[in-house]
Amino acid sequence: MLQRVLDYSHELLEGSVLSGETVVDGTAGNGHDTLFLSKLVGQNGRVLSFDIQEQAIENTNDLLVQNHVENVTLIQDSHADLPWYIPEGVEEIGGAIFNLGYLPGSDKSIVTEPQSTVDAVKHLLTRMKKNGLIVLVVYHGHEGGAEERDEVLKYVSKLDQKQYRVLRYGFINQANNPPFILAIENK
């Protein structure tokens with residue numbers, strides 16, 4: 001059976017992220033991906049979870065406390081600034097996920113931005129382990145969403161196919177600009 005976009009994004013990461021690795025949630029949101037990643041990397045791994053909104057950081061923290069999670073660093077900053085937060089000694093990133101768009105149930109005028117997203121992906125690609133994945137769930141039905149979608153697609157479509165494989169997964173017969181996945185694998 002075909003999987004929903006969010007379920008498939010997790011399945012992709014389950015196949016590449018290993019226990020003990022450092023991984024990135026580029027958009028903490030309500031914390032579901034952060035919690036998922038924390039379980040994948042286990043007690044000896046680390047999750048760096050970014051969001052520019054205080055509410056997202058609070059929501060994520062609440063979920064982590066409820067689940068007794070201690071291997072996450074919450075960072076209230078743009079994912080474009082992630083190079084400043086990678087801990088000393090971490091040579092490779094095991095994987096990353098982004099949910100582009102806005103925080104569900106909040107101010108829809110606060111959205112991820114094309115340039116910050118592309119900058120974050122560019123940096124992650126320089127640190128991604130071999131066979132590591134960056135998964136972007138692209139929500140584009142909101143104001144500014146089409147511009148971000150187009151900029152991200154433009155960037156990833158130009159990645160050297162000898163070094164990266166880029167997958168696009170999504171449903172095309174759904175109304176209202178359904179989200180889709182872009183997954184970038186470092187060969």
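Quick summary incoming for the structure in this document. Bear in mind that the values here come from a model prediction, so they are computed numbers and not experimental data. (Residues numbered from 1 in each chain as written. Predicted model: local features only at pLDDT ≥ 70, side-chain atom pairs only at ≥ 80, totals over all residues. Heavy atoms only, no water.)

Here the structure, examined in full by the defined rule, presents four salt bridges. The shortest N-O distance in the salt bridge between D7 and R4 comes to 3.4 Å. (Salt bridge = Lys/Arg side-chain N within 4 Å of Asp/Glu carboxyl O.)

Once that is clear, we can look at helix 4 (residues 114-127). In this model helix 4 runs 21 Å from its N-terminal to its C-terminal C-alpha over 14 residues, within 8% of the 20 Å that 1.5 Å per residue would give. Within helix 4, the full set of buried residues consists of P114, S116, T117, V118, A120, V121, H123, L124 and L125. Where the residues of helix 4 are buried, they touch strand 1 (22-25), strand 4 (93-100), strand 5 (128-138), helix 5 (145-157), strand 6 (164-170) and strand 7 (180-186). (Helix = DSSP H or I, 4+ residues; strand = E, 2+ residues; numbered from the N terminus. Expected span 1.5 Å × (residues − 1). Buried < 20%, exposed > 50% of the residue type's maximum accessible area, 1.4 Å probe, protein only. Contact = heavy atoms within 4.5 Å.)

This brings us to the packing of aromatic side chains. The full count for this structure, using the stated rule, is three aromatic pairs. A centroid spacing of 5.6 Å and a plane angle of 75° characterise the contact between F50 and Y85, whose relative ring orientation is edge-to-face. Taken together, the positions of F50 in strand 2 (residues 46-51) and Y85 in the loop between strand 3 (72-76) and strand 4 put the pair 35 residues apart, joining distant regions of the chain. The exposure class of Y85 is partly exposed, given its relative accessible area of 33%. The ring of F180 carries the charged tip of R168 above its face, separated from the ring centre by 4.0 Å. (Phe/Tyr/Trp six-rings, centres within 6.5 Å; stacked < 30°, edge-to-face > 60°. Lys NZ or Arg CZ within 6 Å of the ring centre and 35° of its normal.)

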